[in-house]
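# Descriptive structure summary
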Amino acid sequence: YAPPNKLALALAFLDPGRACLAHLHTDDPAALPAPRTVYSFRKVFSTDRLELSLAATGGAAIWLTPDSSGDRSAAAAAKSRRPSAIVSWIGCGS
């Protein structure tokens, strides 16, 4: 077992003042060394930074979508999907 790597991801590429939802699929530290991920989401802005702890042989997937005025149904629907890229954004940045 190797200690996690820390990563701070600046979200300055997002449109200023526009809220987005960050759907995060990250390593489950309780499951190491067996690979397993946990899903979480949170509202983010261009001024935020995502602080991630990555397993030595793991990683994270982040999907950014526009915040639908507090509607969390989009987040619930995304929970069942696997992201297709390390970081992707839809309508949140230029």
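Residues numbered from 1 in each chain as written. Predicted model: local features only at pLDDT ≥ 70, side-chain atom pairs only at ≥ 80, totals over all residues. Heavy atoms only, no water.

### Brief notes about the overall build of the protein chain
The number of helices and strands found in the protein chain is one helix and six strands. Taken from the N to the C terminus, the helices and strands of the protein chain come in the order β-β-β-β-β-α-β. In the protein chain, buried positions account for 34% of the 94 residues. Intrachain contacts of the protein chain at a sequence separation of at least 6 include 75% that bridge at least 24 residues. Here the protein chain displays about 5,700 Å² of accessible surface, and carbon together with sulfur accounts for 58% of that area. (Helix = DSSP H or I, 4+ residues; strand = E, 2+ residues; numbered from the N terminus. Buried < 20%, exposed > 50% of the residue type's maximum accessible area, 1.4 Å probe, protein only. Contact = heavy atoms within 4.5 Å. Areas by Shrake-Rupley, 256 points an atom, 1.4 Å probe, with all protein chains shown as cover.)

### Describing the nonpolar core
With twelve residues, the main nonpolar core is built from Leu-11, Leu-14, Cys-20, Ala-22, Leu-24, Val-44, Leu-50, Leu-52, Leu-54, Ala-60, Ile-62 and Leu-64. Among the secondary structure elements, those contributing two or more residues to this core are strand S2 (20–27), strand S4 (49–54) and strand S5 (60–66). When residues no more than four places from it in sequence are discounted, the contact partners of Leu-52 are Asn-5, Lys-6, Leu-7, Thr-26, Ala-60 and Ile-62. (Core = buried A, V, L, I, M, F, W, Y, C linked by side-chain atoms within 4.5 Å.)

### Section: the packing of aromatic side chains
This structure, assessed with the given rule, holds one aromatic pair. Considering the side-chain rings of Tyr-39 and Phe-41, the 6.2 Å spacing of their centres and the 35° angle between planes classify their relative orientation as tilted. For Phe-41, a relative accessible area of 33% puts it in the partly exposed group. (Phe/Tyr/Trp six-rings, centres within 6.5 Å; stacked < 30°, edge-to-face > 60°.)

### Regarding the side chain of Thr-65
With respect to the helices, strands and loops of the structure, Thr-65 is situated in strand S5. In this structure the side chain of Thr-65 is engaged in a polar contact, spanning 3.0 Å, whose partner is the side chain of His-23. (Polar contact = N/O pair within 3.5 Å; in protein donor to acceptor, adjacent residues only side chain to side chain.)

### Re the environment of Leu-64
In this fold, Leu-64 is placed in strand S5. Look at Leu-64 and you get buried, because its relative accessible area is 1%. A sequence separation of 44 residues divides Leu-64 from Cys-20, and the C-alpha atoms of the two residues are 6.3 Å apart.

### Considerations on the pairing of S5
Taking burial as the measure, the seven residues of S5 include six buried ones, the bulk of the element. One ladder, built from seven bridges, connects S2 with S5; its direction is antiparallel. Across the sheet, residue Thr-26 finds its bridge partner in S5, namely Ala-60. (Pairing = 2+ DSSP bridges.)

### A few points about the pattern of salt bridges
Tallied over the full model, the rule gives three salt bridges. A salt bridge links Asp-67 to Lys-43; its shortest N-O distance comes to 3.1 Å. On the criterion of sequence distance, the pair formed by Asp-67 in the loop between S5 and helix H1 (73–79) and Lys-43 in strand S3 (residues 37–44) is long-range, its members being 24 residues apart. Given the relative accessible area of 16%, Asp-67 is considered buried. (Salt bridge = Lys/Arg side-chain N within 4 Å of Asp/Glu carboxyl O.)

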